[in-house]
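Notes for the structure review
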Amino acid sequence: MLYGREHEQSVVAGLLDAASEGRSGVLLLRGEPGIGKTALLDHAVGRAGEAFRVIRAAGVEYEAELPFAGLSLLLAPGLDRLHALPGPQRRALEAAFGLAEERAPADRLLVGLATLGLLAELATEQPLLCIVDDAQWLDDASLDALLLAARRLQAEGVALLLAARTGGAAPELPTTGFPELRLTGLPEPDAARLLDHRAGPDLPAAVRERLLVEAAGNPLALTELPIATGAQANTPGSPAPATGGLPLTSRLLIAFHGQVTGLPPATQTLLLVAAAEETGELDVVLPAAAALGVPAEHLGPAEESGLASVTPDRRIAFRHPLLRTAILQRAPHHQRLTIHQAIAGVLPDGDRRTWHQAHAATAPDAALADALERTAVRAEARGAHGGAAAAYERAARLTPDRDAATRRLVLAAEAATEEGKLAQAETLADEAGARTDNPLAHALLDQVRATAHFWRGSYPTAYRLLLDAAGTAIEAPHAARMLFQAFHTAWYAGEEPVIAVLDRLAALPLADDNPLTPLARHLPAAVLPALGRPAPQPPAARDTAAAARKAGAETPVDLVQLCGATLILGRDDETAELGGELVAEARAKGTIGVMPTLQFFLAEAELFHGRHRDAEVTATEALALARDTGQHQWTSQLTALLAYLAALDGDTDRCTRLTAESLATTGPQTAAPAAGRPWAHWALALLDLGHGRAGDAADRLHTLTTGPHRHHVSATRAVPDLVEATVRFGTPERSAEPYERFARWSAAADRPWTEALRLRCQALLGPDELAEPAYRAALDLHEGTHRPFEQARTALLYGEWLRRSRRRTDARPHLRAALETFERLAAHPWAARARTELTATGTPAPTSSPTGTPDSPLTPQELQITRLAAQGLTNREIAAQLFLSPRTIAHHLYKAYPKLHITSRTDLPTTL
C-alpha cells in the first residue's frame, strides 16, 4: 500500500490506460533516494497485472562503463523476436549486444530504432509495460538508445516508465523532454500513518516526533530509521544517534550500514561481492565469494533479514538500490580491490572481466592496458563512444610507456568528443597536449578543441583551430578531413573564413585514388564563384559522387557536403536528384544520423522548384528525426524552413510560432545564435511582403542580405524579395549592393532561372522604359525551369506594371496565370494580391478558396505514409523506411482513410 501518493498513482494509471488503448506514452519519475520511486514502479507493475507484458531493468553504477549493459538486460526477453526487425536494425542490435561480430562501426542511432522495433514487437499480443529504475546509472549507450526509441513511440501500446535519482553523488539524468513527475515528501498525516504502520504502537512519542522531523516525509526514511534507532527507542533515556546535521541520504546510508553490520562477516562479504558485480548473477557472485572462502549458505542471513533476495532468473536483488550504495561505501578500499579481483577471476575473457581487473589494479600494467584498449576499440565499433572514452582513459593511466599513454589519452579525448562530453574531451586534450610534441597528436587535439568550440557557438575559434591543425606537418588525407570540418565551421563564421578554407582545400596534394579527392576538387569549384571568386565550373554532382564512390568514399556520409554545395551555386536540380538518392540510401542502410541534413537540402530543392507540399513532407519528417536524435542545428534550420512554407501560405500564427521556435533552438551548450536564423528572418520577411508590409520586409531582408550570413543559400535567394520590398517602400537604393552581388552570383551559376530573377530585379529597379523587355525576357527564361512560384511572381509584377501603364487588356492574361498558379500552390496572400490586381483591370476574378485551406486534408506524415502505401508497400516495409513501428503506420493509415473518403488501402489513389 502506498501512503499519500493518490495523484502519482492516478498519473501512472492514465499512462497504463492509454497503452491499453494502443497509445504509447512515457513518464519519468524524479526524486531523492527513498522518496518512493521504486515503490511507485512496483505499484505500476501490480496494477498492470496479467493484462500487460512487463519487462524491467535497473541501472547499476558499475555498469556505466559497459556499453549497452542496461539495454541488453531490459530487452533480453525479446531477443527471440530479432528476426522481425529490418536487416540493418537487427544487425546493429546484435552487434551492440555482442551476439554477432561487428562488420563495420555501428550506428548507435540505429540501435535506438531497433529498440523501438523490439518494444513494438513485444507489444504485439498485449500492451507492454517497460520499467527502468535508477536510470541515472544506465550506461550512455543504453540511455541514448532507449530515449531515441521513446521519442518515436506513437501507437504501439507501450508504457515506458523510468525513475531517476536526484541529489547526492549520483549523476543527474539530463532533461529528456518527456512528461515528468517529481516526487516530494509525504504530507505529515500520511507520513505519520506510514511510520505508525512500520514502527507499531509501542514507539515512544518523543522518538516518534523526532523521526517524523528527521524523515521529512521520505518513505524510506520512515521505514528504515525506526529500525536503526530501535534499540534507543526501547531504552528509555538513551541518546539519539549521532547523525545530527547530516543530509537525509547520509542518514539512510548510516541506517543501512547498521543493518549490514549486524550480519555475520561472511554474509557481509558475500553481499559486497553482489554489490560490486553489476548484474547480480548467482553464477558469478557465488563462485567469486567461494574464491574468497565464503560458501553459498552465507547468503541465508541476508535473505532472512530481508536485505536481499534471489529473483526467479537467479540474480541477487537488494531490498532498495540505496542498500547497494551503502554496502559499497562502507567497504574499505583494499577490500573492494580484492572483491573486484575475485570477480574477474571467475568471469570469462571479455570486457566485463577486463573492467573488474582494471578496478582492482593499483599500479601500471602494460598487458591490462592493452586489454582495455581492445575493450575501447570494441566499444567504438558498437557506437558506444562514452564507454570507449572511459576505457581509453583508464588504459592510459595503466600504461607504463609515456608515449603510448599519451596516444591513449588522445584517443580518449576523441571518443569523448564523439559522445558530446565536451568538458571531459577538453580536459583530456589539455593533458595529452602537455605530454607530447608530435604534430599529428597536436592536430588531432586541436580538432577535439575545435569541435567543442563549434558546439558552443565559438565559430571563429573553431575555424582557426581546424585551419591551423590542417596546416601542420600531417598527411594530406588527415588535413582533408579537418578542412571539410573547417568548411562547415567557417560557413557560420563568415565569407572570408569560407574562402580561406576552400583555397587551402583546393591546394591540397591529394592522391587521385583518395576517396576525398573528388569532393575536395568539387567543393571549391562549386562555392568560390558564389562568393565572387573565379573558379572552373565543377562537374555534375552525380559525376563527382560516382568518382568518390569508386574511390571508396563512405556513403551517404561523405557525400553530404556535396549535396549542399550544389545548392550554393544554384544547381537545385542536382541537389534534388542527388539528395533523393542519398536519402533513399540512408533509409536502406539505416544511417539515421545524416537524414536530417540530407532532407534539409532536399526540402530546399523541392521548395525552390515550387513543390511546396513535397518540401513540407520532407522537412516534417526530417524535423522529427532531428529532434529525436538531438541535432539542434538542424532542428532550428528545419523549423525555420517550415516557417517559410507557412509564410507562403499566409499562415501568420504558424509562421510566427515556428520562427520563434527556430530562434530559440540553440542546443544545451551554446550561446551562439540559432543556426536557422537566416531562414527564420527570410520567413518573417516573406510573410510581411505577402501581407503588404513592404517596409518591415525591407528591414528584415536588408539585415539578412548584408549581414555576416549573406553568403548563405537563404540570404542569396532572398535578394529578389529585398529588391521588390525596397522598390515598393520607395527605398530602392538599399538593395543596390545586394543586387550587384546577386547579379555576379547569377552569372556564376549560369542557370536560366537565376537570370530570370535577375531580370525581374532589373525591371523593378528601372529605368522604367527598360522594364517591359526585362519582364518579357524573364518570363521567357522561366519557361521550362519548373519554378512555378517564382514564374507566377514575375507574371504578377509584370501584370501590375502593365495595369499601372493603363494597359489593362495586356495585363489580364499575366495576372490570370499568376492567380491560377498561386491558387494551385495555396500561396494565399499572393493569390489575394493577384485577384485584387485582376479585378482592378475590370475583369471579375474567380472566387477565392478559403484562406488556409490546404491542398490535401492529410497531415504531412499521413500524406507520406499513404503515398508509400499507394505504391504497394506493406506496413512493415513503410515502417522500415520511416523508422517507425508497423502499428504506428497502421494507426496513421486508419486516420487517413476517412479523410480520403475510402475504406482500405486498395482504394488509395495512385497520385497524392
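Parameters and conventions
Counting from 1, residues in each chain are numbered in the order their sequence is written. For a predicted model such as this one, the threshold for reporting local features is a pLDDT of at least 70, and the threshold for listing and counting side-chain atom pairs is 80 or more; totals across whole chains, interfaces and linings nevertheless cover every residue. In computing side-chain values, all of the structure's heavy atoms are included and hydrogens and water are not. For every residue, the pLDDT score states the predictor's confidence, bounded by 0 at the bottom and 100 at the top. In this description, contact between two residues means that some pair of their heavy atoms is separated by no more than 4.5 Å. Any two strands between which DSSP finds at least two bridges are classified as paired. Secondary structure counts use DSSP, requiring at least four H or I residues in a row for a helix and at least two E residues in a row for a strand, with both numbered from the N terminus. Every axis in this analysis is a line fitted to C-alpha atoms, fitted for helices over the stretch in contact. Angles between the N-to-C directions lie between 0 and 180 degrees. Within 6.5 Å between ring centres, the rings of Phe, Tyr and Trp (the latter by its six-membered ring) count as paired, and their orientation is classed by plane angle as stacked under 30 degrees, edge-to-face over 60, tilted in between. Only protein chains enter the accessibility calculation, which uses a 1.4 Å probe. A residue is then buried if its area is under 20% of the maximum for its type, exposed if over 50%, and partly exposed in between. Remark: a charge is flagged as sitting over a ring if the NZ atom of Lys or the CZ atom of Arg is within 6 Å of the ring centre and within 35 degrees of the ring normal. Angle categories are assigned with fixed cut-offs, so that under 35 degrees is roughly parallel, over 145 is roughly antiparallel, 65 to 115 is roughly perpendicular, and the rest are oblique. The handedness criterion is simple: a crossing whose near helix is rotated anticlockwise from the far helix by less than a right angle is left-handed, and one whose near helix is rotated clockwise is right-handed. In this classification, the charged set is Asp, Glu, Lys and Arg, the nonpolar set is Ala, Val, Leu, Ile, Met, Phe, Trp, Tyr, Cys and Pro, and all remaining amino acids, among them Gly, are polar. Given the number of residues in a helix, its expected span is that number minus one, multiplied by 1.5 Å. The term polar contact refers here to a pair of N or O atoms within 3.5 Å; inside protein, the definition further demands a hydrogen-donor-capable atom paired with an acceptor-capable atom, and it admits residues adjacent in sequence only when both atoms are side-chain atoms. An arc is given here, and it is the one of the directions from the helix axis to the C-beta atoms.

Turning to the confidence of the model for the protein chain, a few remarks are in order. With 95% of its residues at a pLDDT of 70 or more, the protein chain has an overall mean of 91. pLDDT under 50 marks residues 231-245. Its contacts with residues more than four places away, or in other chains, come to 10 contacts. Every residue in residues 850-854 scores below 50 in pLDDT, and together they form 5 contacts with partners more than four places removed in sequence or on other chains.

Pairing in this open sheet of 5 strands is parallel, and the strands run E2-E3-E4-E1-E5 from one edge to the other. The sheet terminates laterally at strand E2 (53-58) and strand E5 (180-182), the two strands that pair on one side only. Across the sheet, the axes of successive neighbouring strands diverge by a mean angle of 15 degrees, strand direction being ignored. Its contacts with the sheet place helix H1 (residues 6-20) against strand E1 (25-31), strand E3 (128-133), strand E4 (158-165) and E5, and it is angled at close to 145 degrees to E4.

Enumeration over the complete set of coordinates arrives at 19 aromatic pairs. Ring plane angle 55 degrees and centroid distance 5.4 Å describe the contact between Phe454 and Tyr459, whose orientation is recorded as tilted. A residue is classified by how much of its surface remains accessible, and Phe454, at 9% relative accessible area, is buried. Centre to centre, the rings of Phe600 and Phe601 are 6.0 Å apart; their planes meet at 55 degrees, and the pair counts as tilted. This pair shows no difference in class: Phe600 is buried, exactly as Phe601 is. Here the aromatic residues Phe454, Trp455, Tyr459 and Tyr492 are joined through ring pairs into a cluster of three or more. The ring of Phe608 carries the charged tip of Arg717 above its face, separated from the ring centre by 4.3 Å. It is Arg787 that lies over the ring of Trp753; its NZ or CZ is 3.6 Å from the centre.

Attention now goes to the packing of helix H24 (residues 476-491) against helix H26 (residues 517-527). Put simply, H24 and H26 touch, their axes get as near as 12 Å, and they point 25 degrees apart. Between H24 and H26, the angle is such that the two are roughly parallel. For the element pair H24 and H26, the recorded crossing hand is left-handed. Where H24 approaches H26, its residues Phe484, Phe487 and Trp491 are matched on the opposing element by Leu519, Ala520, Leu523 and Val527. A per-class count over the contact of H24 with H26 returns 7 nonpolar, no polar and no charged.

Another point: H1. Its 15 residues place the ends of H1 21 Å apart at the C-alpha level, agreeing with the 21 Å of an ideal helix rising 1.5 Å per residue. When we look at burial in H1, the residues that qualify are Glu8, Gln9, Val12, Ala13, Leu15, Leu16, Ala18 and Ala19. Gly22, located one to two residues past H1, shows a positive phi value of around 95 degrees.

Our focus in this paragraph is the side chain of Asn218. Within the element layout of this structure, Asn218 appears in the loop between helix H8 (205-215) and helix H9 (219-228). Judged by its relative accessible area of 0%, Asn218 falls in the buried class. Of the polar contacts made by the side chain of Asn218, one reaches the backbone oxygen of Pro33; its length is 2.9 Å. Beyond its immediate stretch of four places on either side in the chain, Asn218 contacts Glu32, Pro33, Gly34, Ile35, Leu248 and Leu252.

Burial within E3 is extensive, with 6 of its 6 residues counted as buried. Alternating positions in E3 separate into two faces, Leu128, Cys130 and Val132 on one and Leu129, Ile131 and Asp133 on the other, with burial throughout. Of the pairings in the sheet, the one linking E2 to E3 comprises 6 bridges and is parallel in character. Bridged to Ala57 within E3 is Val132. For E3 and E4, the ladder comprises 5 bridges, and the chain directions are parallel. Looking across to E4, one finds that Leu129 is bridged to Ala159.

With an omega dihedral of 5 degrees, the bond running from Thr555 to Pro556 counts as a cis peptide bond. Summarising the element assignment, Pro556 is placed in the loop between helix H27 (541-550) and helix H28 (560-568). A positive phi angle, near 50 degrees, is found at Ala216, a position not held by glycine. Along the chain, Ala216 falls in the loop between H8 and H9. Positive phi values are uncommon outside glycine, yet Arg314 reaches one of about 65 degrees. As for its position among the elements, Arg314 is in the loop between strand E6 (308-310) and strand E7 (316-318).

When helix H13 (residues 282-291) is considered as a whole, its buried residues turn out to be Leu282, Val284, Val285, Ala288 and Ala289. With its buried residues spanning 165 degrees around the axis, H13 presents them on a single face. Residues Asp283 and Ala291 are exposed on H13 and point more than 90 degrees away from its buried face. Lining the buried residues of H13 we find helix H12 (265-276), E6, E7, helix H16 (333-346) and helix H17 (351-360). Of the residues trailing H13, Gly293 is marked for its positive phi of about 85 degrees.

So, on to the packing of helix H18 (residues 366-381) against helix H19 (residues 385-397). Contact geometry of H18 with H19 gives a least axis separation of 8 Å together with a crossing angle of 165 degrees. Between H18 and H19, the interaxial angle falls into the category roughly antiparallel. Note that H18 runs across H19; the crossing there is left-handed. Seen from H18, the contacting residues are Ala369, Leu372, Glu373, Thr375, Ala376, Val377, Ala379 and Glu380; seen from H19, they are His385, Gly387, Ala388, Ala391, Tyr392, Arg394 and Ala395. Looking at the contact of H18 with H19, its residues break down into 9 nonpolar, 3 polar and 3 charged.

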